[in-house]
Amino acid sequence: MVRKPVVSTISSGGYLQGNVNGKLPSLGGKEPPGQEKVVLKKKITLVRGISIIIGTIIGAGIFISPKGVLQNTGSVGMSLVIWTVCGVLSLFGALSYAELGTSIKKSGGHYTYILEVFGPLPAFVRVWVELLIIRPAATAVISLAFGRYILEPFFIQCEIPELAIKLITAVGITVVMVLNSMSVSWSARIQIFLTFCKLTAILIIIVPGVMQLIKGQTQHFKDAFSGRGANIMGLPLAFYYGMYAYAGWFYLNFVTEEVENPEKTIPLAICISMAIVTIGYVLTNVAYFTTISAEELLLSNAVAVTFSERLLGNFSLAVPIFVALSCFGSMNGGVFAVSRLFYVASREGQLPEILSMIHVRKHTPLPAVIVLHPLTMIMLFSGDLYSLLNFLSFARWLFIGLAVAGLIYLRYKRPDMHRPFKVPLFIPALFSFTCLFMVALSLYSDPFSTGIGFIITLTGVPAYYLFIIWDKKPKWFRRLSALANNLMIRSFIQMEFSLPQVQHFIKAHLDDIKLFF
């Protein structure tokens, strides 16, 4: 099997849906007689789109990141400024992605836009890092927060055993994977319910906080900008913590092909979601400081629990449950969206072809969902996942900044491209500059973590030439590939993929299979 460099199949804002074999049909081509299209269905409405964005953004971040933001800014006032700035920057990034998503109507998010603008090598590196590290690690970290908070009411008087946390976390990850493998509709419906739980968790903190302000509890806001002072070298790390809490605004672009009327739905869903989240996050942090001092917040490992125990009394037990459901919603939304990224990358020829196949009855990219499960489990039991996320914050914001910079490039390179939604040029310019500047500055702020993230990202370059470009692979390599292909063929039949998909896959890999036997 030879895998050649791909050429972007996007043209002037149109998009091509996968046919029965999971590949993009040729332009102007027709389906062979008797073969019915098996495609991802358009089942994501405005409400479901809003629920995906809010449900993915609001997770463990708002209950963990306040400590990191405060630690790297040095004062209550500066931390609130960073939360507001990160919200505005996220809105700018989301609006830029709205233009990209309505101009390039194809799922895949960052990967698709980088492929269109910068070509196959940077796109492969992006999906390589996402597949091996970012998504499994991010899912595992959020899942660990889910496991800890869901067990909190049962271990009030003692420390929760780490093994118990990891076991319940493994169950939660498996449930999310099964849910996203079975039904797009049910996954989206449950996400709406979990979004309600997330907003409830935020309101449980905001409402008592506002009541504290009305009572005059403002002592922690006096001399709000006094403290040890913000170091400019700490700002990139504060930026990473804040943007991590807001991360998720880009996930609707991963499922563009499943959005009803994307020209109107995507921009509207983004604007509504980001307004709700930004206001909610700033008010949540204000609420924290009505009850907790800056010094107490820095000593807390779970600020939401500390806040609720201080202010809500017996009702504080409800907070860990709502936080756990909030984390579960982020797990569900993240897996729902990123599995589509792998599906698109496979369809473009940059990941194994199995990941481009769609279940014939459920219309879900089942293999793309399944491949995340073992990778996430490895991350779960491998150790300190928070460090892994710090390592790869460098790669995440580097590629997001590049994708938005690509929007500016497309404005000049393809001025006639159909753009149902356009943002003022200063918005993508400011966002991409901020991302790239902070990424560069973080190399000085934390050279160890960001350096490792940079090295891991660079491993995608030799991987690209090994798996995509090199067509004179040794015989043992081809035999191993043939064995894997043979096992996948058996799995296809058991997982009830459509017969034309299996036939196409067998035909495409016939030489390798003969070599094995």
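Residues numbered from 1 in each chain as written. Predicted model: local features only at pLDDT ≥ 70, side-chain atom pairs only at ≥ 80, totals over all residues. Heavy atoms only, no water.

### A short note on the overall build of the chain
So, point 1. Looking only at helices and strands, the chain features 21 helices and zero strands.
So, point 2. Relative to its 517 residues, the chain shows a buried fraction of 57%.
So, point 3. Counting only contacts in the chain whose residues sit at least 6 apart along the sequence, the fraction spanning at least 24 positions is 82%. (Helix = DSSP H or I, 4+ residues; strand = E, 2+ residues; numbered from the N terminus. Buried < 20%, exposed > 50% of the residue type's maximum accessible area, 1.4 Å probe, protein only. Contact = heavy atoms within 4.5 Å.)

### What to know about the nonpolar core
Grouped burial of nonpolar side chains is what soluble globular proteins tend to show.
So, point 1. With 119 residues, the main nonpolar core has F63, Y97, W249, Y281, W397 and F431 as its most contacted residues.
So, point 2. Setting aside anything within four residues of it in sequence, one finds W249 in contact with I53, I57, S90, G93, A94, Y97, M274, W397, I400 and F431. (Core = buried A, V, L, I, M, F, W, Y, C linked by side-chain atoms within 4.5 Å.)

### Regarding empty space enclosed by the protein
Empty space among the atoms becomes apparent when a probe as large as a water molecule is rolled across them.
So, point 1. Under the definition given, this model contains three cavities of 30 Å³ or more.
So, point 2. Approximately 150 Å³ is the volume attributed to the largest cavity.
So, point 3. T56, I142, Y244, A247 and S330 are, among the 16 residues lining the largest cavity, the residues nearest its centre.
So, point 4. Listed by contribution, the elements that provide at least two residues to the lining of the largest cavity are α1 (46–57), α5 (120–151), α8 (235–246) and α12 (318–347).
So, point 5. Element by element, the count of residues in the lining of the largest cavity is highest for α5, at three residues.
So, point 6. Of the residues belonging to the lining of the largest cavity, the class tally is nine nonpolar, five polar and two charged. (1 Å grid on protein atoms, 1.4 Å probe; cavity = no way out; pocket = protein on both sides within 12 Å on 5 of 7 lines; lining within 4 Å. Points joined across faces, edges and corners; volume = space filled by probe spheres on them. Nonpolar A, V, L, I, M, F, W, Y, C, P; charged D, E, K, R; others polar.)

### Side note on α8
So, point 1. If you check α8, its first and last C-alpha atoms are 16 Å apart, about what twelve residues at 1.5 Å a residue would give, namely 16 Å.
So, point 2. For α8, every residue scored as buried is listed here: P236, A238, F239, Y240, G242, M243, A245 and Y246.
So, point 3. Positive phi appears at G248, one or two residues downstream of α8, with a value of about 135°. (Expected span 1.5 Å × (residues − 1).)

### A few points about the pattern of salt bridges
So, point 1. This structure, assessed with the given rule, holds seven salt bridges.
So, point 2. As a salt-bridge pair, R126 and E130 come within 2.6 Å of each other at their nearest N and O atoms. Here R126 and its partner E130 are both found in helix α5, four residues apart, which amounts to about one turn of the helix. Both residues of the pair, R126 and E130, belong to the buried class.
So, point 3. R148 is the salt-bridge partner of E162, the closest N and O atoms lying 3.1 Å from each other. Taken together, the residues E162 in helix α6 (residues 162–182) and R148 in helix α5 connect sequence positions 14 residues apart. (Salt bridge = Lys/Arg side-chain N within 4 Å of Asp/Glu carboxyl O.)

### Description of helix α11 (residues 303–311)
So, point 1. Taken residue by residue, α11 has V303, A304, V305, F307 and S308 as its buried positions.
So, point 2. Just downstream of α11, G313 is the residue with a positive phi angle, here 65°.

### Focus on the packing of aromatic side chains
So, point 1. Tallied over the full model, the rule gives 17 aromatic pairs.
So, point 2. Their ring planes at 90° and their centres at 6.1 Å tell us that F92 and F426 sit as a pair that is edge-to-face. With F92 in helix α3 (residues 76–103) and F426 in helix α16 (residues 426–445), this residue pair connects regions lying 334 residues apart in the sequence.
So, point 3. Under the relative-accessibility criterion, F92 is labelled buried at 15%.
So, point 4. Of the residues examined, F426 reaches a relative accessible area of 51% and is grouped as exposed.
So, point 5. Of the aromatic side chains, those joined through ring pairs into one cluster are Y97, Y113, W249 and F431. (Phe/Tyr/Trp six-rings, centres within 6.5 Å; stacked < 30°, edge-to-face > 60°.)

### Details of the side chain of S143
So, point 1. Tracing the backbone through its elements, the reader meets S143 in helix α5.
So, point 2. The residues contacting S143, other than those within four sequence positions of it, are T169, I173 and M331.

### A closer look at the environment of L325
So, point 1. Relative to the helices and strands, L325 resides in helix α12.
So, point 2. Residues L325 and F196, 129 residues apart in the sequence, show an inter-C-alpha distance of 9.7 Å.
So, point 3. Contact partners of L325, with chain neighbours within four places excluded, come to L194 and C197.

### Quick look at the confidence of the model for the chain
Detailed reading of the predicted coordinates is not advisable wherever pLDDT falls low.
So, point 1. Residues at a pLDDT of 70 or more form 75% of the chain, whose mean pLDDT is 76.
So, point 2. Per-element confidence in the chain is highest for α3, whose mean pLDDT is 90, and lowest for helix α21 (residues 510–516), whose mean pLDDT is 43.
So, point 3. Across residues 1–36 the pLDDT falls below 50, and counting only partners more than four positions away or on other chains, this stretch makes 91 contacts in the model. (pLDDT = per-residue confidence, 0-100.)

### A closer look at the packing of helix α2 (residues 61–73) against α8
So, point 1. Relative to each other, α2 and α8 sit at 165°, their axes nearing to 8 Å. The pairing of α2 with α8 is recorded here as roughly antiparallel in orientation. Every pair of crossing elements has a handedness; the one defined by α2 and α8 is left-handed. Facing G61, I62, S65, G68, V69, N72 and T73 of α2, the residues of α8 in contact are L235, L237, A238, Y241, G242, Y244 and A245. (Axes fitted to C-alpha atoms, helices over the stretch in contact; angles between N-to-C directions. Parallel < 35°, antiparallel > 145°, perpendicular 65-115°, else oblique. Left-handed = near helix turned anticlockwise from the far one by under 90°.)

### Overview of a nonpolar patch on the surface
So, point 1. Together, I232, M233, L443 and Y444 make up an exposed nonpolar region whose accessible area comes to about 420 Å².
So, point 2. Among the secondary structure elements, Y444 is positioned in helix α16.
So, point 3. You can call Y444 exposed: its relative accessible area is 67%. (Patch = residues over 30% accessible without salt bridge, like charges linked within 9 Å, V, L, I, M, F, W, Y side chains within 5 Å. Areas by Shrake-Rupley, 256 points an atom, 1.4 Å probe, with all protein chains shown as cover.)

### Some remarks on the environment of L410
So, point 1. Relative to the elements of secondary structure, L410 occurs in helix α15 (residues 385–413).
So, point 2. Overall, the relative accessible area of 4% leaves L410 in the buried class.
So, point 3. As for L410 and V117, which are separated by 293 residues in sequence, their C-alpha atoms are 7.3 Å apart.
So, point 4. Look past the residues within four positions of L410 in its chain and what remains in contact with it is L100, I104, V117, P415, M417 and R419.

### A few points about the environment of Y111
So, point 1. Within the secondary structure, Y111 is located in helix α4 (residues 110–118).
So, point 2. Sequence-wise, Y111 and F342 are 231 residues apart; in three dimensions their C-alpha atoms are separated by 9.2 Å.

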